[in-house]
Amino acid sequence: MAIVWFRHDLRLHDHAPLRAAAQDDSLLAVYCLPSAWLATGPAGVARIGAHRLAHLGQALAGLKAALQACGNDLLILVAEPASALNTLSAALDNAPIHVHAHPGWEEREAIAGVKNTCVHEGGGLFDRHDLPLPLDPFPTPFTHFRKRLEAAQWPALSPQPAPTSLPASPALPDNLLYDARSAATALFANSPAQADARSALPYAEPDWHGSEAAGLAHLQRYFSTELVADYKATRNGLLGTDYSSKWSPWLALGSVSVREIEAQRLAYEDHYGANDGSYWLWFELMWREYFQLLMWQFGRRCFHRQGIQTQLSDSSRKVRHDPAAFQAWCTGTTGCDLVDAGMRELAATGYLSNRLRQNVASYLIHDLHQDWRLGAAWLEHQLIDFDVASNQGNWLYLAGAGTDPRSDRRFNPVRQTAMYDPDGAYRRCWLPDRFS
Ligand SMILES: Cc1cc2nc3c(=O)[nH]c(=O)nc-3n(C[C@H](O)[C@H](O)[C@H](O)COP(=O)(O)OP(=O)(O)OC[C@H]3O[C@@H](n4cnc5c(N)ncnc54)[C@H](O)[C@@H]3O)c2cc1C
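Residues numbered from 1 in each chain as written. Predicted model: local features only at pLDDT ≥ 70, side-chain atom pairs only at ≥ 80, totals over all residues. Heavy atoms only, no water.

Broken down by element type, the chain carries 19 helices and five strands. For 436 residues, the compact-globule estimate of 2.2 N^0.38 gives 22 Å, and the chain sits close to it at 22 Å. C-alpha atoms of the chain, sized along the principal axes, occupy 65 × 50 × 45 Å. Sequence separation of at least 24 residues holds for 75% of the intrachain contacts in the chain that already meet a minimum separation of 6. Across the chain, the centroid of the 38 positively charged side chains sits 7 Å from that of the 46 negatively charged ones. (Helix = DSSP H or I, 4+ residues; strand = E, 2+ residues; numbered from the N terminus. Rg over C-alpha atoms; globule rule 2.2 N^0.38 Å. Contact = heavy atoms within 4.5 Å. Lys, Arg positive; Asp, Glu negative; His and termini not counted. Charge placed at Lys NZ, Arg CZ, Asp CG, Glu CD.)

If you want it as structure tokens, here you go:
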């Protein structure tokens, strides 16, 4: 008997814990949404908001269906994970719990609180214990890290195939974790997707659902179009579904493995030849990898105001407590049109382009002089692609508390507007009250 504890890896393909547990004669697959995510966080709202919940619900429904097709099932809970997993293991003769390692601090602490775990690597492109450069001291800046990997032509690990059949689930007593099961059923039944015709990532539509099946289909579509070759030129776009890959929500849920993406990117280059776009997608995946390693290396320090630096950055020294300014930022009512348009898009859709994320974050830090961690918490609530390492890493970077060699990077909203929304199409779309 074995347990697979799904967390940010809601898929069957490239899943080492599932492959290991499938060797047993009976397998319990479980997902446990931490109840702490529903409590009010530092931004004054639940850590997981309506968009994230709906999108996660799609991924869990897809995972459940995929497990059922293999002869298994998925138990979904809302509870404190360590306590729930220990209860399940005890009820199943101390069954081992197979789980993926994850760089998030909370995720690491959760594993530390669970007995009988078998922890498997697998969230990144590489084996973090086997890299062509030391991680201590941490390779800064990012360019140094990327160039070392490129010079070594360090290959990404290959994805493992999905199983086609699995052992059946063990029977559990009806009343075991009854409240946690009921809470999950009620939560996801009451978390519908919110459609908005303007969305750059319309996750209410089946093609954009958070499930593994939708993610793999999206990947296949993406690599069969011109979008890859055009990526470097279009990636700073603001409107429509096509300006960037839109892989991030599936990567964040783990319903698509980053190794699967890289395998398909290489297959694309084999077939069509490498181009600027296909290279730049690799470049961006390196950022993701870098921020994961940063969080592995610095753990809890990524959540401190001074971040991984030994002293506060200039912007952090200027922070003043102003709840009204933070509220105006969250609701898109600061008076700065580009920023307000971005914050309204985020609230309406749960997604925002990278260009606008940089702008809204810079504005909160450098113009409104608010604590960057409040902004990170607001994005945690909103983003359907929320990923703790990428979110924290980017905020640290912009606040001068991470690894940016140009400390305290401010984006000038006037210049950014002229460069990226010269005809006002983006502001008209999201601020119809100001631009008729
Ligand atoms: C303040 C701020 C907060 C962010 N929070 C998150 C977050 O919570 N989750 C998240 O996945 N990304 C985050 N990002 C990074 C980036 O904005 C998104 O990954 C990207 O916009 C997702 O859209 P895409 O998949 O179309 O990206 P593409 O441009 O198509 O890039 C392809 C992939 O590369 C990776 N990538 C690209 N840029 C970055 C980056 N700067 N950092 C890390 N990985 C990157 C992502 O996995 C992305 O899916 C944040 C950026 C900023 C400035």
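The subject of this paragraph is the domain arrangement of the chain. Under the domain assignment used here, the chain contains domain 1 (1-122), domain 2 (123-158 + 203-302) and domain 3 (304-430). The contact between domain 1 and domain 3 buries some 1,100 Å² in all, and 64% of this surface belongs to carbon and sulfur atoms. Ranking the residues of domain 1 by area buried against domain 3 places Ala43, His51 and Arg52 at the top, with a combined share of 48%. In this structure, the connection of domain 1 to domain 3 is made through one salt bridge. Between glutamate 380 and arginine 47 there is a salt bridge, with the nearest N and O atoms lying 3.0 Å from each other. For the pair domain 1 and domain 3, the number of links is seven residue pairs in polar contact (both at pLDDT 80 or more). Here the side of domain 1 that touches domain 3 is composed, by residue class, of six nonpolar, five polar and two charged. (Domains from an automatic or database assignment. Buried area = accessible area lost by both parts, 1.4 Å probe. Salt bridge = Lys/Arg side-chain N within 4 Å of Asp/Glu carboxyl O. Polar contact = N/O pair within 3.5 Å; in protein donor to acceptor, adjacent residues only side chain to side chain. Nonpolar A, V, L, I, M, F, W, Y, C, P; charged D, E, K, R; others polar.)

Another point: the side chain of arginine 427. Mapped onto the fold, arginine 427 is located in helix α19 (residues 425-430). Overall, the relative accessible area of 13% leaves arginine 427 in the buried class. Discounting chain neighbours no more than four positions away, the residues touching arginine 427 are Asp337, Leu338, Ala341, Thr417, Asp421 and Phe435. (Buried < 20%, exposed > 50% of the residue type's maximum accessible area, 1.4 Å probe, protein only.)

Below, the discussion takes up the side chain of glutamate 380. Note that glutamate 380 resides in helix α16 (residues 372-382). Judged by its relative accessible area of 13%, glutamate 380 is buried. At 3.0 Å, the side chain of glutamate 380 and the side chain of arginine 47 are in polar contact. Excluding anything up to four places from it in sequence, glutamate 380 contacts Arg47, Arg52, Phe386 and Asn391.

With eight of its eight residues buried, strand β2 (residues 27-34) lies for the most part within the structure. Note: strand β1 (residues 2-6) against β2, five bridges, orientation parallel. Each bridged residue has a counterpart across the sheet, and for phenylalanine 6 the counterpart in β2 is tyrosine 31. In this structure, β2 lies alongside strand β3 (residues 75-79), joined through five bridges in parallel fashion. (Pairing = 2+ DSSP bridges.)

What follows covers the UniProt feature "domain: Photolyase/cryptochrome alpha/beta" (unreviewed entry) in the chain. The feature "domain: Photolyase/cryptochrome alpha/beta" (unreviewed entry), as given by UniProt, occupies residues 1-134 in the numbering adopted here. Counting secondary structure, residues 1-134 comes out at 34% helix and 19% strand; the distance between its end C-alpha atoms is 39 Å. (UniProt positions renumbered as here; feature names shortened; annotations may be inferred.)

Let us look at the environment of tryptophan 296. Along the polypeptide, tryptophan 296 turns up in helix α11 (residues 276-298). Sequence separation between tryptophan 296 and arginine 128 is 168 residues, and the spatial gap between their C-alpha atoms is 9.1 Å. Not counting residues up to four positions away in its chain, the partners in contact with tryptophan 296 are Ala101, His102, Pro103, Arg108 and Arg128.

Looking now at the environment of histidine 98. Among the secondary structure elements, histidine 98 is positioned in strand β4 (residues 97-100). Histidine 98 sits 77 residues away from alanine 21 along the chain, and the two C-alpha atoms are 6.7 Å apart. Residue contacts for histidine 98: discarding those within four places in its chain leaves Ala2, Ile3, Val4, Trp5, Pro17, Ala20, Ala21, Cys118 and His120. Within the local environment of histidine 98, its side chain forms a polar contact with the side chain of histidine 120, the two groups lying 2.9 Å apart.

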